[in-house]
Amino acid sequence: MPQEPAPLTRHLRIHRARGHTVLELRGEIDIAAAVQIVPYLDRVTARPGARVVIDLSAVEFFDCSGLRLLYRARARLLDQDGELRLVCAHPLTLRILKVTGLARLLPPQPTLDAALEQPEATSGSV
């Protein structure tokens, strides 16, 4: 039986799935949470060719600090020829992603399985 990964912070768990590093954000993603998450995000996105999924399934609140995390991850991965995929099904968070235009750059998938199955060309890597 797979063991659930221990949280690195109260707002972040990191695990591997099908060749991707999954950053599972949890709870309220605000400025305080973002400060805790950035060092781990930067470490994961610094590797050339990294394949990363940011999973927002367990997020209850998401503000502009969360958007900055997504933009930061995307920019860092594009600079390293990496790939970023996004999981999000929460209606309010989806609305924020659409209004800001981030949903066009990084199309959200409703589940982790859907994100892992999507073709590379639509993964936010271009």
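Overview of the structure.

What counts, and where the lines are drawn
- Counting of residues starts from 1 at the beginning of each chain's written sequence and follows it residue by residue.
- In keeping with the predicted nature of the model, local features appear solely for residues at pLDDT of at least 70, side-chain atom pairs appear and are counted solely at 80 or more, and the whole-chain, interface and lining totals rest on all residues.
- As a convention, hydrogens and water are excluded, and side-chain values are obtained from all of the structure's heavy atoms.
- DSSP-based pairing: two strands are paired if at least 2 bridges between them are found.
- In DSSP terms, a helix is any run of H or I states spanning at least four residues, a strand is any run of E spanning at least two, and both are numbered starting from the N terminus.
- Think of it like this: strands point away, you trace from the first strand over the helix to the second, and a clockwise trace means the crossover is right-handed.
- Remark: nonpolar core denotes a set of buried residues (Ala, Val, Leu, Ile, Met, Phe, Trp, Tyr, Cys) joined through side-chain atoms within 4.5 Å.
- Categorising residues by exposure relies on relative accessible area from a 1.4 Å probe, with only protein chains included: less than 20% of the type maximum marks a residue as buried, more than 50% marks it as exposed, and the intermediate range marks it as partly exposed.
- The contact criterion used throughout is that any non-hydrogen atoms of two residues lie within 4.5 Å.
- Note on definitions: angles span 0 to 180 degrees between N-to-C directions of axes, and those axes are lines fitted to C-alpha atoms, for helices only across the stretch in contact.
- Angular relationships are summarised with four words: roughly parallel below 35 degrees, roughly antiparallel beyond 145, roughly perpendicular across 65 to 115, and oblique for the angles in between.
- By the convention adopted, Pro, Cys, Tyr, Trp, Phe, Met, Ile, Leu, Val and Ala count as nonpolar, Lys, Arg, Asp and Glu as charged, and the other residues, Gly among them, as polar.
- Here a crossing is taken to be left-handed if its near helix is turned anticlockwise relative to the far helix by less than a right angle, and right-handed if that turn runs clockwise.

1. Some words on the pairing of strand E3 (residues 51-62)
Look at any regular strand and the pattern is simple: side chains alternate between the two faces of the sheet.
Next, step 1: The pairing of strand E2 (residues 20-29) with E3 spans 8 bridges and is parallel. Each bridged residue has a counterpart across the sheet, and for Arg26 the counterpart in E3 is Ala58.
Next, step 2: Taken together, E2, helix H1 (residues 31-45) and E3 constitute a β-α-β crossover, and its handedness is right-handed.
Next, step 3: As defined by bridge partners, E3 adjoins strand E4 (residues 83-87) across 5 bridges and the pair is classed as parallel. Directly across from Val52, in E4, lies its bridge partner Leu84.

2. Here's the deal with the nonpolar core
Next, step 1: Core analysis: the largest hydrophobic core is formed by 28 residues, its most contacted members being Leu25, Ile54, Leu56 and Leu97.
Next, step 2: At the level of secondary structure, the elements contributing two or more residues to this core comprise E2, H1, E3, helix H2 (64-79), E4, helix H3 (91-100) and helix H4 (102-105).
Next, step 3: For Leu56, the contacting residues outside a window of four places in its chain are Leu25, Phe62, Leu70, Leu86, Val87, Cys88 and Thr93.
Next, step 4: Core analysis: the next-biggest nonpolar cluster, separate from the first, contains 6 residues, Ala17, Val53, Val87 and Leu116 among them.

3. A short note on the pairing of strand E1 (residues 12-17)
Next, step 1: Bridge count between E1 and E2: 6 bridges; the pairing is antiparallel. Across the sheet, Arg13 pairs through a bridge with Glu24, a residue of E2.

4. Topic: the packing of H1 against H2
Next, step 1: One can describe the packing of H1 onto H2 by two numbers: an axis separation of 10 Å at closest approach and a directional angle of 10°. As the angle between them shows, H1 and H2 are arranged roughly parallel. On H2, the residues touching Ile31, Ala34, Ile37, Val38, Leu41, Asp42 and Thr45 of H1 are Ser65, Leu69, Arg72, Ala73, Arg76 and Leu77.
Next, step 2: When its residues are assigned to classes, the contact of H1 with H2 shows 8 nonpolar, 2 polar and 3 charged.

5. So, the environment of Gly19
Next, step 1: Among the structural elements, Gly19 can be located in the loop between E1 and E2.
Next, step 2: Classification of Gly19 as partly exposed rests on a relative accessible area of 35%.

6. Details of the sheet that holds E4
Next, step 1: Judged by pairing direction, the sheet is mixed, and its 5 strands sit side by side in the order E1-E2-E3-E4-E5 without closing on themselves. Edge strands, defined here as strands with exactly one partner in the open sheet, are E1 and strand E5 (108-109).
Next, step 2: Strands in contact with H3 are E3, E4 and E5; relative to E3, the strand with the most contacts, it is inclined by about 120°.

7. Remarks on the packing of H2 against H3
Next, step 1: Where H2 meets H3, the axes come as close as 11 Å, and the angle between the chain directions of the two elements is 60°. By the angle class used here, H2 and H3 are oblique. Taken as a pair, H2 and H3 cross one another with a handedness that is right-handed. Counted together, Leu67, Leu70 and Tyr71 of H2 and Ile96, Leu97 and Thr100 of H3 form the full contact between these two elements.
Next, step 2: Partitioned by chemical class, the residues of the contact of H2 with H3 number 5 nonpolar, 1 polar and no charged.

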